[in-house]
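Analysis of the macromolecular model
The chain contents come next:
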There are 2 protein chains.
Amino acid sequence: MVTLAEVAQHAGVSASTVSYVLSGKRSISATTRLRVEQSIRELGYHPNAGARALASSRSNIIALMVPLRTDMYVPVMMEIAIAVATTARMHGYDVLLLTGEEGPDAVRRVTGSGLADAMILMDVQLDDERLPLLRGSGQPSVLIGLPADTTGLTCVDLDWSATGALCVEHLAKLGHHDIAVIGEAPAVYERHTGFAERTLDGLRVRARELGLRVLHRPCEGGYDAMAVTLARILDERPGTTGFVVQNESAVEPLLALLRQQGRAVPEDVSVVAICPDQVAVQASVRLTSVGIPAPDMGRYAVERLIATLEGRAAGEVVLLAPELTVRASSGPAPAAS
Amino acid sequence: MVTLAEVAQHAGVSASTVSYVLSGKRSISATTRLRVEQSIRELGYHPNAGARALASSRSNIIALMVPLRTDMYVPVMMEIAIAVATTARMHGYDVLLLTGEEGPDAVRRVTGSGLADAMILMDVQLDDERLPLLRGSGQPSVLIGLPADTTGLTCVDLDWSATGALCVEHLAKLGHHDIAVIGEAPAVYERHTGFAERTLDGLRVRARELGLRVLHRPCEGGYDAMAVTLARILDERPGTTGFVVQNESAVEPLLALLRQQGRAVPEDVSVVAICPDQVAVQASVRLTSVGIPAPDMGRYAVERLIATLEGRAAGEVVLLAPELTVRASSGPAPAAS
DNA sequence: ATAGGTTGTCGAAGCGCTTCGACTGCTTTT
DNA sequence: AAAAGCAGTCGAAGCGCTTCGACAACCTAT
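Residues numbered from 1 in each chain as written. Chains lettered and ligands numbered in written order. Predicted model: local features only at pLDDT ≥ 70, side-chain atom pairs only at ≥ 80, totals over all residues. Heavy atoms only, no water.

**Description of the interface of chain A and chain B**
In plain terms, the rule: It only takes one pair of heavy atoms within 4.5 Å for two residues to be counted as in contact. Note on terms: buried area is the combined drop in 1.4 Å-probe accessible area of two parts once they are placed together, counting the loss on both. Here a salt bridge means any side-chain nitrogen of Lys or Arg lying within 4 Å of a carboxyl oxygen belonging to Asp or Glu. Pairing of N or O atoms within 3.5 Å defines a polar contact, subject to two protein rules: one partner must be a possible hydrogen donor and the other a possible acceptor, and residues neighboring in sequence count only if both atoms are side-chain atoms. Labels follow the DSSP assignment, with helices taken as runs of H or I lasting at least four residues and strands as runs of E lasting at least two, numbered in each case from the N terminus.
Contacts between the two partners involve 43 residues from chain A and, on the opposite side, 43 residues from chain B. Summing both sides of the interface, chain A and chain B together bury roughly 3,800 Å²; the carbon and sulfur share of this comes to 66%. When the buried area of chain A at its contact with chain B is split by residue, A:Met78, A:Leu97 and A:Tyr223 rank highest and sum to 16% of it. Two residues, A:Arg109 and B:Asp94, come together in a salt bridge whose shortest N-O distance is 2.6 Å. Joining chain A to chain B, the criterion identifies ten residue pairs in polar contact (both at pLDDT 80 or more). When contributions to the side of chain A that touches chain B are tallied by element, the ones reaching two or more residues are α4 (49-56), α5 (74-90), β2 (94-99), α6 (104-113) and α12 (248-260) of chain A. In terms of residue count, the dominant contributor to the side of chain A that touches chain B is α5(A) (nine residues).

Shown next as structure tokens:
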């Protein structure tokens, strides 16, 4: 293993000079810099991470806490994680992968040991138990998701409330009056995950303003669960012509079931999904959808975090505006029979 | 921030004693140990990760390199990643998330800087450019996937060749003669990803032994691509009654298209999928499938790695035996018309 | 009783880096 | 021409921990 001292000796300068060449924190003459850089290359020098962390008390690591539940759409999580890792690298940071499993302890451990300089938390619940710790520790952090109380916290999220409103507006404009919302699995609501509740609220409020009727049903993914849920919905509100689907894994089953029952999409019923664009275009009917900008969320989170680390920013909530793309699954409501 | 020295002072012992209490590397009297542990708790001490890494030259971090491509089934990646993180934590290790993007440079960086003690590589290609570096660096590592040359490497993977054979055997036993294989996206074959090629080889060899005809077609996911692929297959081999699907995102489209064409599953055609069990049971027809044991793969990888770090193991290839579960998508071949 | 082991503890020497103050020659200002 | 400033470099002091050798104090065998 090559050390700073060896590079210094090879280049004929002192260790501190090499350090300053590396960090750029003091001016170095062009000739010296070149010589040092040459030595670094020749010897294949890599600064030792531990020594660096010890001396500077900065690890250049960002901790990312991902949920290990699988009841939410996993590819979105993965996309966010990858965006976080990629963006972090662009800024010279590495990413430590923490699972939600450890819970608050992980926050304590990472904060206390100086393992990471900052944290990103995903899958934030409205009343998340990690938040008091985070506030108390003074650890720079960004939440992906919106808890109930955001004082002193930096949060990045899709504006789910606006997302819900947008879906219902689209259907209203097309003349639909009875809307059914296929929600996430019941467990998601039970643990008060912000995005699910906010979507529903935003949707309901706008629906009321527009004079639409809304029926909301949580739904596990898969065909069997969807079949039961759909049957109940059509039983209770036979006139339902618009569907908003938030649970990605219910989308395809819904389309298949509707087809099977002879209800044409979009002639008889319209479907609006809340899902990544890639899913929307790969479905059996190209779906009118509000996209989930996972990469943006990851990227923003890292950028906010680094701004905070550099003292360029403080607690703040960033809500990304939702965008609805009209595709082939929504159309004018059928004339009332 | 509380330091070792402060704990030592509080407990009335020397710093080294506290260190030995923590590591258990020398015997400590019960009374002293208790006193030290008490002080640690009272002061809320957490060892500093950087200092530890510097002094011991072990970071207790495992680097996990995940592909950032999205042309392969993402949830499997995520499941592996989560299993890796969870297992690693159980052994006192943290996980650093590296994206494939950096490629060989990441290996150099992590190896050189002592950031991580070991690496796990996913999405290994048959002739992976990271391998020479890995061999050269002496960095302990485990591959999830099987390259062409495994000398000196530790690898964990599903036995894809046996998987392919298993699928074809099942269909043969049911009396099918003409088999079509819906493969991964062409790009996956082009970059010589081991698992795709091995599956195909295993399947073909066994098919020849059993006297079956096999037609293989790579296929992007989604309805449109699948429609084209299916049309071509049925055009070339109208008598095809058995399908083996490796590309997860082609499965549902295939089922929908067959249904649409009036071919009943499993009465007219049988479908065997290679996918996680969860996907198999959630599909519109409960799929006969060979499962992908993602959590096992992650867990094994970490356990091998830790064994290597502790000098309890050397390079070795672990192939997990595939298991086929019969569900509702496969049945006896229809009588020849 | 004495040589030889154990057991439990301490002190000190680093691990490889960052960073602060100090110093040397210059160039600029007055 | 002296004072002041600046660019460029160095030496040394740590950062908080692990680990090695040393050394008491005690226990066992002869």
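That shown, we press on.
**Examining the protein's contact with DNA strand D**
The test is simple: For each residue, the test is whether any non-hydrogen atom lies within 4 Å of the molecule or strand; if one does, the residue is near. Residues are grouped as follows: Ala, Val, Leu, Ile, Met, Phe, Trp, Tyr, Cys and Pro are nonpolar; Asp, Glu, Lys and Arg are charged; all remaining types, including Gly, are polar.
What surrounds DNA strand D is a group of 27 residues, the closest being A:Thr17, A:Thr32, B:Leu4, B:Arg26 and B:Tyr45. Of all atoms in DNA strand D that approach within 4 Å of the protein, 55% are sugar or phosphate atoms. A:Arg26 places a polar side-chain atom, nitrogen or oxygen, 2.7 Å from a base oxygen of DNA strand D. In the model, a phosphate oxygen of DNA strand D is placed 3.2 Å from a nitrogen or oxygen of the A:Ser27 side chain. Mapped by element, the contributors of at least two residues to the surface near DNA strand D are α2 (15-23) and α4 of chain A together with α2 (15-23) and α4 (49-56) of chain B. Broken down by class, the residue content of the surface near DNA strand D amounts to twelve nonpolar, eleven polar and four charged.

**What about the packing of aromatic side chains?**
When we look at a pair of aromatic rings, we describe it by the centre distance and by the angle of the planes. Operational definition: Here the aromatic set is Phe, Tyr and Trp, taking the six-membered ring for Trp, and pairing holds for ring centres within 6.5 Å; pairs whose planes are under 30 degrees apart are stacked, those over 60 apart are edge-to-face, and all others are tilted. Two conditions define a charge located above a ring, namely a distance within 6 Å from the ring centre to NZ of Lys or CZ of Arg, and an angle within 35 degrees of the ring normal.
Taken as a whole, this structure holds two aromatic pairs over all chains when the rule is applied. Taking NZ or CZ as reference, A:Arg299 lies 5.7 Å from the ring centre of A:Tyr300, over its face.

**Digging into the protein's contact with DNA strand C**
DNA strand C sits among 26 residues. The nearest are A:Leu4, A:Arg26, A:Tyr45, B:Thr17 and B:Thr32. Close to the protein, within 4 Å, the atoms of DNA strand C belong to sugar or phosphate groups at a rate of 55%. Within the side chain of A:Arg52, a nitrogen or oxygen atom sits 2.9 Å from a phosphate oxygen of DNA strand C. Contacts to DNA strand C include B:Ser29, whose backbone N or O atom sits 2.8 Å from a phosphate oxygen. If you list the elements that add at least two residues to the surface near DNA strand C, you get α2 and α4 of chain A together with α2 and α4 of chain B. Here the surface near DNA strand C gets four residues from one element, more than from any other, and that element is α4(A). Tallied by class, residues from the surface near DNA strand C come to eleven nonpolar, eleven polar and four charged.

**Thoughts on the environment of A:Ala53**
As a reminder of what qualifies: Relative accessibility decides the category of a residue: with a 1.4 Å probe and only protein chains considered, values under 20% of the type maximum give buried, values over 50% give exposed, and everything between is partly exposed.
Note that A:Ala53 resides in helix α4. A relative accessible area of 15% places A:Ala53 in the buried class. In this structure the C-alpha to C-alpha distance between A:Ala53 and A:Leu115, which are 62 residues apart in sequence, comes to 8.7 Å. Residue contacts for A:Ala53: discarding those within four places in its chain leaves A:Arg58, A:Ser59 and B:Gly50.

**Focus: the pairing of strand β8 (residues 242-245) of chain B**
Residue and element names in this part refer to chain B. Applicable threshold: Pairing between two strands requires that DSSP report at least two bridges joining them. Place the viewer so that the strands point away; then a crossover is right-handed whenever the path from the first strand over the helix to the second strand goes clockwise.
Both faces of β8 are covered, namely the face carrying Gly 242 and Val 244 and the face carrying Phe 243 and Val 245. Bridge analysis of strand β6 (residues 178-182) against β8 gives four bridges, and the strand direction is parallel. Bridging across to β8, Ile 182 finds its partner in Val 245. The pairing of β8 with strand β9 (residues 270-274) spans four bridges and is classified as parallel. For Val 245, the partnering residue across the bridge sits in β9 and is Ala 273. Regarding topology, helix α12 (residues 248-260) serves as the crossover connection from β8 to the parallel β9, and that connection is right-handed.

**Quick look at the sheet that holds strand β10 (residues 288-290) of chain A**
Residue and element names in this part refer to chain A. Note the threshold: An axis is simply a line fitted to the C-alpha atoms; with a helix, the fit covers only the stretch in contact. Between two such axes, the angle follows the N-to-C directions and lies from 0 to 180 degrees.
Spatial ordering of the open sheet is given by β7-β6-β8-β9-β10-β12, a layout of six strands whose pairing is mixed. Each having just a single partner strand, β7 (213-217) and β12 (324-325) make up the two edges of the open sheet. In the sheet, strand β6 (residues 178-182) pairs with β7 via five bridges, with the strands oriented parallel. Each bridged residue has a counterpart across the sheet, and for Ala 180 the counterpart in β7 is Leu 215. The strands that helix α11 (residues 223-236) touches are β6, β7 and β8 (242-245); relative to β7, the one it contacts most, it runs at about 155°. Against the sheet, α12 touches β6, β8 and β9 (270-274), its axis set at about 155° to β8.

**Side note on the sheet that holds β6(B)**
Residue and element names in this part refer to chain B. Read across the sheet, six strands follow the order β7-β6-β8-β9-β10-β12 without closing on themselves; strand pairing throughout is mixed. Only two strands of the sheet have a single partner each, and these edge strands are β7 (213-217) and β12 (324-325). Across the sheet, α12 lies against β6, β8 and β9, angled at about 155° from β8, the strand it touches most.

**Things to note about the nonpolar core**
Counted only if it meets this: Residues enter a nonpolar core if they are buried and are Ala, Val, Leu, Ile, Met, Phe, Trp, Tyr or Cys, with the set joined through side-chain atoms within 4.5 Å.
In terms of nonpolar packing, the biggest core is built from 102 residues, with A:Ile120 and B:Ile120 touching the most fellow members. In this structure B:Ile120 touches B:Ile62, B:Ala63, B:Leu64, B:Met65, B:Val84, B:Val142, B:Ile144, B:Ala301, B:Val302 and B:Leu305, once residues within four positions along its chain are discounted. Ranked by size, the runner-up nonpolar core spans 38 residues in total, among them A:Ala63, A:Ala106, A:Leu134 and A:Cys155.

**Some remarks on the UniProt feature "domain: HTH lacI-type" (unreviewed entry) in chain A**
Basically, it comes down to this: UniProt positions are given in the numbering used here, feature names are shortened, and annotations may be inferred rather than shown by experiment.
In this structure's numbering, the residues bearing the UniProt feature "domain: HTH lacI-type" (unreviewed entry) are residues 2-56 of chain A. With 71% helix and 0% strand, residues 2-56 of chain A has end C-alpha atoms that lie 20 Å from one another.

**A few points about the UniProt feature "domain: HTH cro/C1-type" (unreviewed entry) in chain A**
Per the UniProt entry, the sites bearing "domain: HTH cro/C1-type" (unreviewed entry) are residues 3-32 of chain A in this numbering. For residues 3-32 of chain A, helix accounts for 67% and strand for 0%, while the C-alpha atoms at its two ends are 18 Å apart.

**Quick look at the domain arrangement of chain A**
How big an interface is tends to be expressed through the accessible area that disappears when the partners come together. Residue and element names in this part refer to chain A. Put simply, the rule is: These domain limits were set by an automatic method or by a database of domain assignments.
What the domain assignment lists for chain A is domain 1 (4-47), domain 2 (61-158 + 294-320) and domain 3 (160-293). Computed over C-alpha atoms only, the centres of domain 2 and domain 3 are separated by 29 Å. Each partner contributes to the interface: domain 2 provides 20 residues, whereas domain 3 provides 18 residues. Our count for the contact surface shared by domain 2 and domain 3 stands at one salt bridge. With a closest N to O distance of 3.8 Å, Arg 191 and Asp 123 form a salt bridge. Mapped by element, the contributors of at least two residues to the side of domain 2 that touches domain 3 are α5, β5 (154-158) and α14 (294-309).

**Here we look at unusual backbone geometry**
Note that the residue after A:Val265, namely A:Pro266, is joined by a cis bond; omega there is 10°. Summarising the element assignment, A:Pro266 is placed in the loop between α12 and β9.

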